[in-house]
Amino acid sequence: MPAPDLSSQTFDRLQDALVRLGEPAFRGRQIFSWLHKKNAVSYSEMTDLSRDLRVRLKEAAPLHSLEITGRQEADDGTVKFRYRLADAQEVEGVFMPEERRSTLCISTQVGCGMGCKFCATATMGFRRNLTAGEITGQLEAAKRKLGEPISNVVFMGMGEPLANLEAVLAAVDILLHSHGHHMSRRHVTVSTAGLVPAMEEFIHRTPVKLAVSLNATTNKVRDRLMPINKKYPIESLLECCRHLPLRHTDRITFEYVMLDGINDSQEDAHRLIRILRGIRCKVNLIPFNPFSGLSYRRPNEDTVEIFQETVAAAGITVMTRKSRGHSLQGACGQLVVGEK
Ligand code: SF4
């Protein structure tokens, strides 16, 4: 039987795991807090456990914390991290400090199988899912390295989060739990390329926010950019969004990567207004961040501004995302690591 992976367990499951190891349930609470609140990387740090228990746990359930093997910092304070996992695979993520908050963008898979044409991660293909412990481990490793709190987490790094739903839900549970990272649900956002059935399940099982990577206003263009659209075309994706039981003031965020001459016209802006009608939402425009090997171009600033004004004039909240970490290939859709 494989050794239990304690860092991937939700609070309740960790207590059960400790009971199975012949310990009282409250030991689970202590270990959960050491791992996810105090960022411990070894049992030897867990000083309120007996020496005997620490030795037994080291044997029965070894810990594998993520190691940061790369750190690049841009002039705007953005930091791109590269993390090594226990099997030597690597993922990347990005820390973005702002005046009143700081955000960590984290990965959920090594590579990605969704094949979006504007995304560097897609060129890696899908290698494997991350465990819940590897997902939250990125936050824990970044906090240790930076020595400062991180207020927001977005699941927008490598991978399609909803294709790794159980691990993502467990990771969210660890982020929100009062003995874990104790984050506000409003400060956690999970993004999807549009896996419709998993979106419904996600909203029913967790209170955090959902973002949908839309990127086109017609099926013809979205089919070209995002192969998932052939399975779940725009109509079924938006119909799902229209009927998701969102909490009170919550809105769905639609991410819209703007590509010069592909999806940035005034017709697109007007179509976007039409197709989003009846959905509680806001729109994030993301001017494309070019990377080598792709012929897509970033639209000029005027085009982006006019597009934004048109959408805003229809009463939709719309922002243009400032490109962060562009100089270190850490901007949206630019994360990629080589073969292992
Ligand atoms: S944009 Fe997201 S879903 Fe699409 S290939 Fe890239 S990582 Fe995967």
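Residues numbered from 1 in each chain as written. Predicted model: local features only at pLDDT ≥ 70, side-chain atom pairs only at ≥ 80, totals over all residues. Heavy atoms only, no water.

**Focus: the overall build of the protein chain**
When its secondary structure is counted, the protein chain shows 11 helices and 12 strands. Rg of the C-alpha trace for the protein chain: 21 Å, near the compact-globule value of 20 Å for 340 residues, within the 12% margin. Over its C-alpha atoms, taken along the principal directions, the protein chain stretches across nearly 70 × 40 × 40 Å. For the protein chain, the proportion of contacts with a sequence separation of at least 24, taken over those separated by at least 6, is 64%. As displayed, the protein chain has an accessible area near 15300 Å², and 50% of this comes from carbon and sulfur atoms. (Helix = DSSP H or I, 4+ residues; strand = E, 2+ residues; numbered from the N terminus. Rg over C-alpha atoms; globule rule 2.2 N^0.38 Å. Contact = heavy atoms within 4.5 Å. Areas by Shrake-Rupley, 256 points an atom, 1.4 Å probe, with all protein chains shown as cover.)

**Considerations on the site of the ligand**
The environment of the ligand is made up of C112, M114, G115, C116, C119, A122, G159 and A193. Of the residues contributing to the shell around the ligand, the split by class is six nonpolar, two polar and no charged. (Near = heavy atom within 4 Å. Nonpolar A, V, L, I, M, F, W, Y, C, P; charged D, E, K, R; others polar.)

**Quick word on helix α11 (residues 301-313)**
With 13 residues, α11 extends 18 Å between its outermost C-alpha atoms, agreeing within 8% with the 18 Å of an ideal straight helix rising 1.5 Å per residue. By the burial criterion, the buried members of α11 are V304, F307, T310 and V311. For α11, the arc enclosing every buried residue in end-on projection is 130 degrees, short of the 170-degree limit, so these residues lie on one face. The outward face of α11, more than 90 degrees from its buried face, is lined by the exposed residues E301, D302 and A313. (Expected span 1.5 Å × (residues − 1). Buried < 20%, exposed > 50% of the residue type's maximum accessible area, 1.4 Å probe, protein only. Arc of directions from axis to C-beta.)

**Some points on the pattern of salt bridges**
A complete count under the given rule lists 19 salt bridges for this structure. As a salt-bridge pair, R56 and E23 come within 2.4 Å of each other at their nearest N and O atoms. With R56 in helix α3 (residues 51-60) and E23 in the loop between α1 (11-20) and α2 (26-36), the pair connects residues that are 33 residues apart, well separated along the chain. With relative accessibility at 37%, the residue R56 sits in the partly exposed group. For E23, a relative accessible area of 15% puts it in the buried group. A salt bridge links R186 to D250; its shortest N-O distance comes to 3.7 Å. Of the two residues, R186 is situated in the loop between α5 (165-176) and β8 (188-192) and D250 in the loop between α9 (234-243) and β10 (252-258); the sequence distance between them amounts to 64 residues. Using a relative accessible area of 7% as the deciding quantity, one classes D250 as buried. Taken together, the salt bridges that share partners define one network made up of E23, R27, D52 and R56. (Salt bridge = Lys/Arg side-chain N within 4 Å of Asp/Glu carboxyl O.)

**Some details on the domain arrangement of the protein chain**
Partitioning the protein chain into structural domains gives domain 1 (6-60) and domain 2 (67-328). Taking the mean C-alpha position of each, domain 1 and domain 2 sit 33 Å from one another. Carbon and sulfur atoms supply 57% of the area buried between domain 1 and domain 2, which totals about 1200 Å² over both sides. The largest contributions to the domain 1 side of the interface with domain 2 come from S8, H36 and N39, which together make up 40% of the buried area. (Domains from an automatic or database assignment. Buried area = accessible area lost by both parts, 1.4 Å probe.)

**Digging into the pairing of strand β7 (residues 152-155)**
The two faces of β7 match: N152 and V154 on one face and V153 and F155 on the other face are all buried. Here strand β4 (residues 102-105) runs beside β7; their pairing, made up of three bridges, is parallel. Bridge pairing links T103 to N152 in β7. Here β7 runs beside β8; their pairing, made up of three bridges, is parallel. Across the sheet, V154 pairs through a bridge with T189, a residue of β8. Regarding the hand of the β-α-β motif, the stretch spanning β7, α5 and β8 is right-handed. (Pairing = 2+ DSSP bridges. Right-handed = clockwise from strand over helix to strand, strands pointing away.)

**Remarks on the sheet that holds β10**
Taken together, the 10 strands give an open sheet; going across it, the order is β1-β2-β3-β4-β7-β8-β9-β10-β11-β12, and neighbouring strands pair in mixed fashion. Bordering the open sheet on either side are β1 (67-73) and β12 (317-320), each of which pairs with just one other strand. Neighbour-to-neighbour, the strand axes of this sheet turn through a mean angle of 20 degrees, independent of strand direction. Of the strand pairs in this sheet, strand β3 (residues 90-97) and β4 are connected by four bridges, and their pairing is antiparallel. Residue pairing for β4: F95 is matched across the bridge by L104. Here α11 sits on the sheet and contacts β10, β11 (281-287) and β12; the angle it forms with β12, its principal contact strand, is near 165 degrees. (Axes fitted to C-alpha atoms, helices over the stretch in contact; angles between N-to-C directions.)

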